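Structure assessment
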Amino acid sequence: MDIPVYLIAGFLDAGKTNFINGILQDGFAREDRTLLIRCEEGEEEYDPKALDNVFTYTVENAEDMTPALFKKLEKQYRPRQVIIEYNGMWMIEPLYRNGLPANWILYQIMTLVDAGTFEMYVKNMGQLMMEKITNADMLIFNRCTAELRTSLRSRNLRMVNRRADIYLENVDGTSEEYVTEDMRPFDLSDGKLAVPDEDYGVWYVDLMDHPDRYDGVSVTFKALMCHSKKYKGIDVPGRFAMVCCENDMQFLALVCKGKGMEKYRDRDWVEITATVKKEPSPAYQGEGPVLHVTKIGYCRKPEQEVVSF
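A few points on the structure. Only a predicted model underlies this, so the values are computations on that prediction, with no experimental measurement involved. (Residues numbered from 1 in each chain as written. Predicted model: local features only at pLDDT ≥ 70, side-chain atom pairs only at ≥ 80, totals over all residues. Heavy atoms only, no water.)

1. What about the pairing of strand β14 (residues 269-281)?
Stated precisely, the cut-off is as follows: In this scheme, strands are said to pair when DSSP sees at least two bridges between them. Per the convention used, a helix needs a DSSP run of H or I reaching at least four residues, while a strand needs a run of E reaching at least two, with both numbered from the N terminus.
Two strands pair when backbone bridges link them, and strand β10 (residues 218-224) and β14 are joined in this way by 7 bridges, in the antiparallel orientation. In the sheet register, phenylalanine 221 faces β14, and the bridge partner there is isoleucine 272. Taken together, the 12 bridges between β14 and strand β15 (residues 286-298) define a ladder with antiparallel strand orientation. Within β15, the residue paired with valine 276 across the bridge is leucine 291. What sits between the antiparallel neighbours β14 and β15 is a turn of 4 residues, in which glutamine 285 has the positive phi angle 55°.

Here's what the structure looks like:
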């Protein structure tokens, strides 16, 4: 029997225990036996009133998180689902690569962050923090003030993780989505856009998040040529971006089609004019923005080669 695993990640005092108490009080474990694995001790405790159908187990060392331990716990507690309150100082990758039994399916990763300490952790523990964010399916920033909301949105965290649902939990108890309607960064009313070199990253995220906005729009931009080795007949020019720090470099590639692109070598700087169409592509395993190139030529590289946010 497959057992869904819900991983609650984040540093100490990020609000993980309160979040777990909330979902348990809402009836998350009412129907199914639930194993709750705790990997660190915080100031908050689990609400005993919400633990009727929940069995708790504490793991103190990362190296103990093995398939053998989990199969032992499965036999002992017979859970239908598992919640893991993960230690913020442990990397997630070893767990989902080799740590879970074959029938324990990592169903969702939820990362909680204290908005007030986010910048400090990024500065001092960038790799640990960014791993929690990039792997998240849901990302929640707790204890947000107006100033912190502005700071978080200026970072354009959609670049770090485009698939996650991102929420801001405010100090007054209200909640709001990270992306707002007035965050549209470009005027597309005339059907054309010349992408400023310094805004490539912002444009890329907006294009990927909202391909409908760009359907039929003609765009001009500079990029490094890249020919796809995986998908025949598809070129994927783009630019490198530094999302958080030098260890978090990503290539922001665009799916392009057009004649004459084959004469440019990988890493040649080119300026491309293309019409965006939202259509199926194997690169997306579904629909996404495909750029039909109408003009291409060599160009000088931008003053800042690496995109930053």
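2. Overview of the environment of alanine 274
Formally: Throughout this description, buried means an accessible area under 20% of the type-specific maximum (1.4 Å probe, protein chains only), exposed means over 50%, and partly exposed covers the range between. Whether two residues are in contact is decided by their heavy atoms: any pair within 4.5 Å suffices.
In this structure, alanine 274 sits in strand β14. The class for alanine 274 is buried, based on a relative accessible area of 0%. When the C-alpha atoms of alanine 274 and asparagine 21 are compared, they prove to be 50 Å apart, with 253 residues separating the residues in sequence. Discounting chain neighbours no more than four positions away, the residues touching alanine 274 are Val217, Ser218, Val219, Leu291, His292, Val293 and Thr294.

3. Quick look at the environment of aspartate 197
Position of aspartate 197 relative to the elements: it lies in the loop between β9 (192-194) and α7 (200-209). Classification of aspartate 197 by relative accessible area gives partly exposed; the value is 25%. Not counting residues up to four positions away in its chain, the partners in contact with aspartate 197 are Lys222, Arg239 and Pro302.

4. Quick look at the side chain of aspartate 268
Considering the arrangement of structural elements, one finds aspartate 268 in the loop between β13 (255-257) and β14. Judged by relative accessible area, which is 13%, aspartate 268 ranks as buried. With sequence-adjacent residues up to four places away left out, aspartate 268 is seen in contact with Ala223, Leu224, Met225 and Tyr298.

5. Some points on the sheet that holds strand β8 (residues 175-177)
Note the cut-off: To define axes, lines are fitted to C-alpha atoms, for helices over the stretch in contact only, and angles between the resulting N-to-C directions are given on a 0 to 180 degree scale.
If you trace the 8 strands from one edge of the open sheet to the other, you get β3-β2-β4-β1-β5-β6-β7-β8, paired in mixed fashion. The open sheet has two free edges, formed respectively by β3 (54-58) and β8, since each of these has just one partner strand. Pairs of neighbouring strands in the sheet enclose a mean axial angle of 20°, with direction left out of account. Sheet analysis places strand β6 (residues 138-144) next to strand β7 (residues 165-170), joined by 5 bridges and oriented parallel.

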